[in-house]
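Notes for the structure review
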Amino acid sequence: MNIICIAAHPDDTELQCAGTLARYAKEGHNVTIAVFTDGSMGDLVIKPAELTAMRKQEAKNAADVIGAHFIWGGIVDEHVFTDLESRRRMIDILREADPDVIFTHAPNDYHPDHKYVSQLVFDSYFQKGLPSMPNQNLPACRFGQSQLYYMDNLCGIGFNPTEYVDITETFETKKEMLACHISQAAAFEDMANTDMMAMIEIQSRFRGLAAGCKYAEGFTRVDAYQRGLTRRILP
Ligand SMILES: [Zn+2]
């Protein structure tokens, strides 16, 4: 299968979905990590151009850990809107990955970029397979419904998983991927007085306790017409 996680910022995927993606990769599936924005606002001191270059490399390094295909959306950080241009960009990203399974933020996430990326994915994941969509850069991928899952948010506030993936065996890989985001470990300290690695250890353990394993990531499935209702396709 082709799997994509598309998130607003570099590090969002590693925080919420990397253990699951590592499991897919281990099982031989094709994994894509797409970052919609350039992450250029994610520091109080480092200037946007320099920060963008740093974060792009950090995100690429994280994707390389599991051999994932990497897509850089390049939208300016904190400037995601559900306009036509953004929707076209999202459709092209999804076409490049041609996914069977899509992970993205939940619509009730705390960050506006996350909410709008979630909406853009929802607005684009059927349209990616329509051959006559105007003004797209890439041709339509396979027609049909992908299965869409929403992922957890920081500290799981207001998010109630309905499905879990046991990431006990890939938790070290998740930490390795997250550790690639060196700039963000510092930013979490500076902007939120938070140890990023400790936070994700606790959250993964907490989800694991709920699921009956050591470490887990939690998701909710988008239940809709003909969208994967007959089978579980999470690892
Ligand atoms: Zn984010």
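Before going into details, it helps to say that this report is about the structure given with it. (Residues numbered from 1 in each chain as written. Predicted model: local features only at pLDDT ≥ 70, side-chain atom pairs only at ≥ 80, totals over all residues. Heavy atoms only, no water.)

**Things to note about the pattern of salt bridges**
Evaluation of the coordinates by the stated rule reveals 12 salt bridges. Between Asp64 and Lys60 there is a salt bridge, and its shortest N-O distance comes to 2.9 Å. Here the residue Asp64 and the residue Lys60 both occupy positions in helix α3 (residues 48-65), the gap between them amounting to four residues, near one helical turn. Two residues, Asp223 and Arg221, come together in a salt bridge whose shortest N-O distance is 2.7 Å. Using a relative accessible area of 53% as the deciding quantity, one classes Asp223 as exposed. Here the salt bridges share partners, and the residues they tie into one network are Asp98, Asp100 and Arg142. (Salt bridge = Lys/Arg side-chain N within 4 Å of Asp/Glu carboxyl O. Helix = DSSP H or I, 4+ residues; strand = E, 2+ residues; numbered from the N terminus. Buried < 20%, exposed > 50% of the residue type's maximum accessible area, 1.4 Å probe, protein only.)

**Considerations on the pairing of strand β7 (residues 216-221)**
Among the six residues of β7, five are classified as buried, and the element is accordingly described as predominantly covered. Examined bridge by bridge, strand β5 (residues 147-151) and β7 share three bridges and lie antiparallel to one another. Counterpart to Tyr149 in the pairing with β7 is Arg221. Here four bridges tie strand β6 (residues 163-166) to β7, and the two strands are oriented antiparallel to one another. Paired with Tyr164 across the strands is Gly218, a residue of β7. (Pairing = 2+ DSSP bridges.)

**A closer look at the coordination of the zinc ion**
Within the protein, the zinc ion binds to His9 (ND1), Asp12 (OD), Asp12 (OD) and His114 (NE2); these donor distances fall in the range 2.0 to 2.4 Å. All donors to the zinc ion come from one chain, and their sequence spacing reads H-x2-D-x101-H. Within this pair, whereas His9 is found in the loop between β1 (2-7) and α1 (12-16), its partner His114 is found in helix α5 (residues 112-124), the two being separated by 105 residues in sequence. Grouping residues by exposure puts His9 and His114 together as buried. (Donors = N, O, S within 2.8 Å, 3.2 Å for Na, K, Ca; no water.)

**A word on the packing of α3 against helix α7 (residues 182-192)**
Packing of α3 against α7 leaves a shortest axis separation of 8 Å and a crossing angle of 115 degrees. Between α3 and α7, the contacting residues are Leu51, Met54, Arg55 and Glu58 on the first element and Ile182, Ser183 and Gln184 on the second. A breakdown of the residues in the contact of α3 with α7 according to their chemical character gives three nonpolar, two polar and two charged. (Axes fitted to C-alpha atoms, helices over the stretch in contact; angles between N-to-C directions. Contact = heavy atoms within 4.5 Å. Nonpolar A, V, L, I, M, F, W, Y, C, P; charged D, E, K, R; others polar.)

**Focus on the sheet that holds β7**
A sheet is described by the order of its strands in space; here seven strands give the open sequence β3-β2-β1-β4-β5-β7-β6, paired in mixed fashion. Each having just a single partner strand, β3 (69-75) and β6 make up the two edges of the open sheet. In this sheet, adjacent strand axes meet at a mean angle of 25 degrees when their direction is disregarded. As paired elements, β1 and strand β4 (residues 101-105) share three bridges and run parallel to each other. The residue of β4 that forms the bridge with Ile4 is Ile102.

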